[in-house]
Amino acid sequence: MCNELPAIENGMISYAPDSEGPEYDLETIATYICDDGFALVGPNEVRTCEDIGTGPLGEFSDEAPICERESSV
């Protein structure tokens, strides 16, 4: 199980296939989605709940991205 991820400013997180929080099953995929006018910046838009082998709780992979306002040209 992984704990729910912190909310992302100017966006949302979609969990699949386990969409019932606040704890998520191993292999649950968390996908970051930015609001209109914002772009995802960071290592990955998708994180996976993984067993880290140190007890009953796992952790989501990678670091959280952020949503930055898109620049108008």
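Summary of the structure given here. (Residues numbered from 1 in each chain as written. Predicted model: local features only at pLDDT ≥ 70, side-chain atom pairs only at ≥ 80, totals over all residues. Heavy atoms only, no water.)

Turning next to the overall build of the protein. Regarding its fold elements, the protein presents 0 helices and 8 strands. When the elements of the protein are put in sequence order from the N terminus, they spell out β-β-β-β-β-β-β-β. Overall, the protein is about 50 × 20 × 15 Å in size when its C-alpha atoms are taken along their principal axes. Sequence separation of 24 or more characterises 44% of the internal contacts of the protein that already satisfy a separation of 6 or more. In the form shown here, the protein has an accessible surface area of approximately 4,900 Å², with 48% of it arising from carbon and sulfur atoms. (Helix = DSSP H or I, 4+ residues; strand = E, 2+ residues; numbered from the N terminus. Contact = heavy atoms within 4.5 Å. Areas by Shrake-Rupley, 256 points an atom, 1.4 Å probe, with all protein chains shown as cover.)

The biggest cluster of nonpolar side chains holds 13 residues, and the ones touching the most others in it are L5, I13, Y15, A30 and F60. Elements with a minimum of two residues in this core: β2 (11-16) and β4 (29-34). Sorting elements by how many residues they give to this core places β4 first, with 3 residues. Setting aside residues no more than four positions away along its own chain, I13 makes contact with L5, P6, I8, A30, T31 and Y32. (Core = buried A, V, L, I, M, F, W, Y, C linked by side-chain atoms within 4.5 Å. Buried < 20%, exposed > 50% of the residue type's maximum accessible area, 1.4 Å probe, protein only.)

Time to look at the side chain of R47. Within the element layout of this structure, R47 appears in strand β6 (residues 46-50). With no salt bridge to any partner, buried R47 finds its closest opposite charge in E63, at an N-O distance of 5.9 Å. At 3.0 Å, the side chain of R47 forms a polar contact with the backbone oxygen of D62. When near neighbours in sequence (up to four residues on either side) are disregarded, R47 contacts L5, T28, I29, A30, Y32, F60, S61, D62, E63 and A64. (Lys, Arg positive; Asp, Glu negative; His and termini not counted. Salt bridge = Lys/Arg side-chain N within 4 Å of Asp/Glu carboxyl O. Polar contact = N/O pair within 3.5 Å; in protein donor to acceptor, adjacent residues only side chain to side chain.)

Turning our attention to a negative patch on the surface. Side chains of E27, E50, D62 and E63 sit close together on the surface and give a patch of like negative charge. In this structure, E27 sits in the loop between β3 (23-24) and β4. Looking at E27, the relative accessible area reads 56%, which means it is exposed. (Patch = residues over 30% accessible without salt bridge, like charges linked within 9 Å, V, L, I, M, F, W, Y side chains within 5 Å. Charge placed at Lys NZ, Arg CZ, Asp CG, Glu CD.)

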